[in-house]
Amino acid sequence: MSRKKNKWLRQPPDRSKIIFFLCFCLPPLLLYLLFGVYPILNSVYVSLFEWSGFDKLTSDAFVGLGNYFEVITEEEFLCAIRNDFIIILGKEIIIIALTVLFAVSLTRLKFRKGEASLYRFVFFIPNVLSVVIISIIWTFVIDPNFGILNPVLRAVGLADLIPASGWTYEHPLGVITFVASWCGVGMFMLIMIAAINGINAEMYESATIDGANEWKQLRYITLPAIREQSKFIVVTILYQSFSSNFTMVQAMLGSSVNSDSVVMGMFVYQNSFDSQWPRVGYSYSAAVIMLVITAAVSLIVNRIMSGRRSVYD
Amino acid sequence: MTDGKRKNKLKESAGAVVCRQIIRIFLIFWSVLVAFPIVWVLYTSLKTNKEFFASPWSLPGVPQWKNYAEAWNMAKFGSYFLNSIVTVVITLAITLIIVAANAYVIAKYKNRFIAGLEKFYMVAMMVPAVLMIVPLYYFADSLRMTDSLVWLSLIYAIQGMPFYVFMMAGFVRGIHNALLEAATIDGATQFQIFFRIILPLSKPTLFMVMLLNIMGTWNEYITALTFIRDESKYTIAIGLSYLTNSGVYDVNYGRTFAGLAIALIPILIVYGIFQKQIQQGMSSSDGVKG
């Protein structure tokens, strides 16, 4: 069997395969280099210049690593790095905890079919909505003047929690973290449910015959079985977050961000477009640093979480 | 079965019942947290401004359907809709063909070059999309391609490709090599294998790619915001943020909520119809992990 497989795998590429590759895979690859790699290389190059984005790039504007030194001593950028990690950490904790809780409950606690699928239906709704819609809805919900969150808190006796000058102003990171987690739970829960449903039912049966109670079954069958899936979710959240933090902050706070709420992507974007004097070269140097941080974190997490194996193998 | 054992079993299920009730409270709480803001938007969109400020909770006295007409006319939602549909269709057409073909090649062609390509896409996928937006904007600007929905769609399709490719490759790997071998022995070309065997067999995954792609493109915000400056080319997402931003100046909240509802309702309907496929696809996308 395995010999047969190897024979297929080791086949030298025939002409038909090469033509197929040239037709369908080469053009997207070239476009990918143009849309996915060239921008990065271009950022690295332009980050060595002081460039406003309008005029032509000349050698006079060459400042070497000057932009980099400026960025890493810029307090707002350091705040942005910190804020990114605070949001990511919060998201990981909330999403993993709720995902495991909900997925295990919905698969193992024998809810009626209709009820379980109703939860699945509802929890997934945020995943089909645009970040714009979500951010507008939540901005309205937590609005101090006409939102519905504050009245609810007052009704249940938690009025002390209400910040005097508005949630987005006093706890911007908390708001962003919460809304981002609110979006993520549904999809990851479905992935987790699929993993649990994939566990061989006989394992539970034989465990029951051997006298293992529900708790032991959870501890020794379900949780070990979903470990891989949890790793996948942790890594996915991590590498999605550097982008999605920015999108969420831009959509919810827009130009009203300050050092309490800025994230790296926002710092890059604002310096390129929003400020009165755009400093594109400078923003690119921040972008390059962001890329290095992302890569380092991804590598470290991959190493820790999956040993030698990469996420998709 | 002895009496002791039966007793034990009953006791366990009693514990499970209690546990279920506690968890149920959590589940209902989270459901409310997810669903109520959306329901709130829907019924608030039918209120007058006065009602809205009197009590944000209350249901509308007389439904103000004219809020919808105003949002539709004043914010040019018709045009936003059309632009979004154009973008979705172009993106989808490009995505489906390149994703399926690349998934096939990556899953079934084994040589060093393809392995390298796979690694390349895997690493490239990790790069935050944010970092490409600004350089791509200036690149597009130098080609006079900003405000072009075709260009926007092309960027969506190309940048989204690796994710969908890996999603689908996990599935294509599961197609038996014996099937492909048999076809090759019978003299089938790669094109025939792809169109006659791979595509029909991976229909469910392709459908999932399609749904995700449509939703992703429809909802995409930041790239469109950056590239599209001309209001007549606005997609629904940026049109919506434009509507609420201008809504700050005219304080008719009923109209603003109506605009939000207009953007919300079609997505909810699509999700309602295809929820089975979406959820099924999601669970099959654990092929991503493999």
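Residues numbered from 1 in each chain as written. Chains lettered and ligands numbered in written order. Predicted model: local features only at pLDDT ≥ 70, side-chain atom pairs only at ≥ 80, totals over all residues.

### Examining the overall build of chain B
Here is step 1 of the chain: For chain B, the helix and strand inventory stands at 13 helices and 0 strands.
Here is step 2 of the chain: Secondary structure elements in chain B, listed N-terminal to C-terminal, are α-α-α-α-α-α-α-α-α-α-α-α-α.
Here is step 3 of the chain: Looking at chain B as a whole, 41% of its 290 residues are labelled buried.
Here is step 4 of the chain: Of all intrachain contacts in chain B linking residues separated by at least 6 positions in sequence, the fraction that spans at least 24 positions is 77%. (Helix = DSSP H or I, 4+ residues; strand = E, 2+ residues; numbered from the N terminus. Buried ≥ 20, exposed ≤ 12 C-beta atoms within 10 Å, placed from the backbone. Contact = placed C-beta atoms within 7 Å.)

### Re the overall build of chain A
Here is step 1 of the chain: Counting its secondary structure elements, chain A contains 15 helices and 0 strands.
Here is step 2 of the chain: Along the three orthogonal principal directions, the C-alpha set of chain A runs to about 80 × 70 × 30 Å.
Here is step 3 of the chain: For chain A, buried positions account for 39% of its 313 residues.

### Focus: the interface of chain B and chain A
Here is step 1 of the chain: The interface is formed by 71 residues belonging to chain B together with 78 residues belonging to chain A.
Here is step 2 of the chain: Among the elements that take part in the side of chain B that touches chain A, helix H1 (residues 3-44) of chain B stands out by supplying 14 residues, more than any other.
Here is step 3 of the chain: Residues of the side of chain B that touches chain A, tallied by class, amount to 51 nonpolar, 14 polar and 6 charged. (Nonpolar A, V, L, I, M, F, W, Y, C, P; charged D, E, K, R; others polar.)

### Describing the nonpolar core
Here is step 1 of the chain: Residues Ile133 of chain A together with Ala103, Val165 and Met168 of chain B are the most contacted members of the largest nonpolar core, which totals 154 residues.
Here is step 2 of the chain: With 15 residues, the single largest contributor to this core is helix H10 (residues 172-197) of chain A.
Here is step 3 of the chain: Among residues more than four places away in sequence, those in contact with Ile133 of chain A are Leu240, Leu260, Ala263 and Leu264 of chain B. (Core = buried A, V, L, I, M, F, W, Y, C linked by C-beta atoms within 7 Å.)

### Quick look at the environment of Ser117 of chain A
Here is step 1 of the chain: Tracing the sequence through the fold places Ser117 of chain A in helix H6 (residues 113-128).
Here is step 2 of the chain: Taking the C-alpha atoms as reference points, Ser117 of chain A and Gly184 of chain A, 67 residues apart in sequence, are found 18 Å from one another.

### Considerations on the packing of helix H4 (residues 77-108) of chain B against helix H7 (residues 149-173) of chain B
Residue and element names in this part refer to chain B.
Here is step 1 of the chain: It is at 6 Å that the axes of H4 and H7 come closest, and there the two elements cross at 35°. When the axes of H4 and H7 are compared, the crossing they make is right-handed.
Here is step 2 of the chain: Class assignment for the residues of the contact of H4 with H7 results in 22 nonpolar, 7 polar and 2 charged. (Axes fitted to C-alpha atoms, helices over the stretch in contact; angles between N-to-C directions. Left-handed = near helix turned anticlockwise from the far one by under 90°.)

### Remarks on H10 of chain A
Structurally, the α-helix is built with 3.6 residues per turn, so residues lying three or four positions apart point the same way.
All names here are of chain A.
Here is step 1 of the chain: End to end, H10 covers 38 Å across 26 residues, agreeing with the expected 38 Å (1.5 Å per residue, within 8%).
Here is step 2 of the chain: The largest bend in H10 is about 35°, located at Val185.
Here is step 3 of the chain: Burial analysis of H10 places 20 of its 26 residues in the buried class, which makes it a mostly covered element. (Expected span 1.5 Å × (residues − 1). Bend = angle between axes of the 7 residues up to and from the residue.)

### Points about the environment of Val122 of chain A
Residue and element names in this part refer to chain A.
Here is step 1 of the chain: Here Val122 is to be found in helix H6.
Here is step 2 of the chain: Under the C-beta neighbour-count criterion, Val122 is labelled partly exposed, with 19 such atoms within 10 Å.
Here is step 3 of the chain: Put simply, Val122 and Pro144 are 22 residues apart on the chain and 27 Å apart in space, counted from C-alpha to C-alpha.

### A few points about unusual backbone geometry
All names here are of chain B.
Here is step 1 of the chain: Here the phi dihedral of Arg144 falls at roughly 60°; this positive angle occurs in a residue that is not glycine.
Here is step 2 of the chain: Residue placement: Arg144 occurs in the loop between helix H6 (130-142) and H7.
Here is step 3 of the chain: A positive phi angle, close to 65°, is found at Asp147, a residue other than glycine.
Here is step 4 of the chain: Within the fold, Asp147 resides in the loop between H6 and H7.

### Overview of the confidence of the model for chain B
Residue and element names in this part refer to chain B.
Here is step 1 of the chain: Of all residues in chain B, 89% have pLDDT values of 70 or greater, and the mean over the chain is 82.
Here is step 2 of the chain: Low pLDDT, under 50, characterises residues 285-290; the stretch is placed with 19 contacts to residues that sit more than four places away or in other chains.
Here is step 3 of the chain: Across the assembled chains, the prediction reports ipTM 0.82 with pTM 0.83. (pLDDT = per-residue confidence, 0-100.)

### Here's the deal with the environment of Gly114 of chain A
Residue and element names in this part refer to chain A.
Here is step 1 of the chain: Relative to the assigned elements, Gly114 resides in helix H6.
Here is step 2 of the chain: We classify Gly114 as exposed; it has 7 C-beta atoms within 10 Å.
Here is step 3 of the chain: Between the C-alpha atoms of Gly114 and Arg227, which are 113 residues apart in sequence, the distance is 28 Å.

### Side note on the confidence of the model for chain A
Close reading of the predicted structure is inappropriate where its pLDDT is low.
Residue and element names in this part refer to chain A.
Here is step 1 of the chain: A residue-level look at chain A finds 92% of positions with pLDDT of 70 or above and a mean pLDDT of 83.
Here is step 2 of the chain: Considering each helix and strand of chain A separately, the mean pLDDT is smallest for helix H1 (residues 2-10), with a value of 50, and largest for helix H5 (residues 75-108), with 92.
Here is step 3 of the chain: Segment residues 308-313 is flagged for pLDDT under 50; beyond a separation of four residues in sequence, or across chains, it makes 11 contacts in the model.

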